[in-house]
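Summary of structural features
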Amino acid sequence: MSERPAHEILIVSNEAEVQQCYQIRIDVFAHEQGFPIETEIDHLDPIATHFLMRLTPSLTPIGVIRGSKSNETGYYKLSRLALLKDYRQFKFGRELVEAFHEWVRTDAQKSGQVDGSVKVVCHSQIPVKGFYAKFGYIPEGKEFDEEGDPHQKMVLELPLQ
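My aim in this report is to walk through the structure given alongside it, one point at a time. Everything numeric in this text was worked out from a predicted model, so none of it was measured. (Residues numbered from 1 in each chain as written. Predicted model: local features only at pLDDT ≥ 70, side-chain atom pairs only at ≥ 80, totals over all residues. Heavy atoms only, no water.)

Looking now at the nonpolar core. Counting 28 residues, the largest nonpolar core has Ile65, Tyr76, Leu78, Phe100, Val104, Val120 and Tyr137 as the members making the most contacts within it. Breaking this core down by element, the ones donating at least two residues are strand E2 (49-55), strand E3 (61-69), strand E4 (76-83), helix H2 (92-110), strand E5 (117-125) and strand E7 (149-159). The biggest single contributor to this core is H2, with seven residues. Those residues within four positions of Ile65 in sequence are excluded, and the remaining contacts are Thr49, His50, Phe51, Leu78, Ser79, Arg80, Leu81, Leu96, Val97 and Phe100. Val12, Val18, Phe35 and Leu52 belong to the second largest nonpolar core, which has twelve residues in total. (Core = buried A, V, L, I, M, F, W, Y, C linked by side-chain atoms within 4.5 Å. Buried < 20%, exposed > 50% of the residue type's maximum accessible area, 1.4 Å probe, protein only. Helix = DSSP H or I, 4+ residues; strand = E, 2+ residues; numbered from the N terminus. Contact = heavy atoms within 4.5 Å.)

So, about the packing of aromatic side chains. Summed over the entire model, instances satisfying the criterion amount to nine aromatic pairs. For the ring pair Phe51 and Trp103, a centre distance of 6.1 Å and an interplane angle of 80° mean the geometry is edge-to-face. Here Phe51, found in strand E2, pairs with Trp103, found in helix H2; they are 52 residues apart in sequence, far enough to count as distant. With relative accessibility at 3%, the residue Phe51 sits in the buried group. With relative accessibility at 16%, the residue Trp103 sits in the buried group. Between Phe90 and Phe92, the aromatic rings sit 5.6 Å apart at their centres with planes inclined by 35°, giving tilted as the arrangement. Phe92 carries the same exposure label as Phe90, and that label is buried. An aromatic cluster is defined as three or more aromatic residues linked by ring pairs; in this entry it consists of Phe51, Tyr76, Phe100 and Trp103. (Phe/Tyr/Trp six-rings, centres within 6.5 Å; stacked < 30°, edge-to-face > 60°.)

Before going further, it helps to spend a moment on helix H1 (residues 15-32). Taking 1.5 Å of rise per residue, the 18 residues of H1 would be expected to cover 26 Å, and the 24 Å separating its terminal C-alpha atoms lies within 8% of that figure. Of all the bends in H1, the largest measures some 30° and sits at Ile26. Taken together, the buried positions of H1 are Glu17, Val18, Cys21, Tyr22, Ile24, Arg25, Ile26, Val28, Phe29 and Ala30. On its buried face, H1 is in contact with strand E1 (7-11), E2, E3, E4 and E5. A distance of 3.1 Å separates the backbone nitrogen of Ala16 from a side-chain oxygen at the start of H1, and that oxygen is part of Asn14. Within two residues after H1, Gly34 carries a phi angle of roughly 85°, on the positive side. (Expected span 1.5 Å × (residues − 1). Bend = angle between axes of the 7 residues up to and from the residue. Polar contact = N/O pair within 3.5 Å; in protein donor to acceptor, adjacent residues only side chain to side chain.)

The next subject is the sheet that holds E1. Read across the sheet, seven strands follow the order E1-E2-E3-E4-E5-E7-E6 without closing on themselves; strand pairing throughout is mixed. Because the sheet does not close on itself, it has two edges, and the strands there are E1 and strand E6 (138-146). Strand-to-strand twist in this sheet, taken as the mean axis angle between neighbours without regard to direction, amounts to 20°. Sitting on the sheet, H1 touches E1, E2, E3, E4 and E5, and the angle it makes with E2 is about 80°. Where H2 meets the sheet, its contacts fall on E1, E2, E3, E4, E5 and E7, and the angle it forms with E4 comes to roughly 155°. (Pairing = 2+ DSSP bridges. Axes fitted to C-alpha atoms, helices over the stretch in contact; angles between N-to-C directions.)

All right, on to the side chain of Gln152 then. Within the element layout of this structure, Gln152 appears in strand E7. On the basis of relative accessibility, which here comes to 4%, the residue Gln152 falls in the buried class. Residues in contact with Gln152, not counting those within four places in the same chain, are Cys122, His123, Ser124, Ile126, Lys129, Pro139, Glu140, Gly141, Lys142, Glu143 and Phe144.

Right under this line is the structure:
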């Protein structure tokens, strides 16, 4: 597969789409990368916004990203970015992050914040810190263990304009 396939990104709106997101995450994080399957679905899933990338016109799911906002800290969290291996060559991860960022801007503006920036946090696996840095994410603090794998907290002040 060398030609970039047609695709779409949507915010999931029903349980079937949520299950498709979970399946991609389980395939990538548990089966491919060896993370514990029992920790893949967590306390954020029921309150998060899930983005699903799928091929068109087949609607085959190929990628996901999850977003949430902490009412306690006020920041947004990017998490569970996953693309099936056969589709990573097309740089679809960038599109998923951009869709998430657009959702953050819209959500912040709906909440009355129209100027300035909002804080976005993610816990990056060490080998992909550079991916997040391309969006302006900056490492904060020391590396830490998350589910048996080294991670780095990455922070972005996302401009609202």
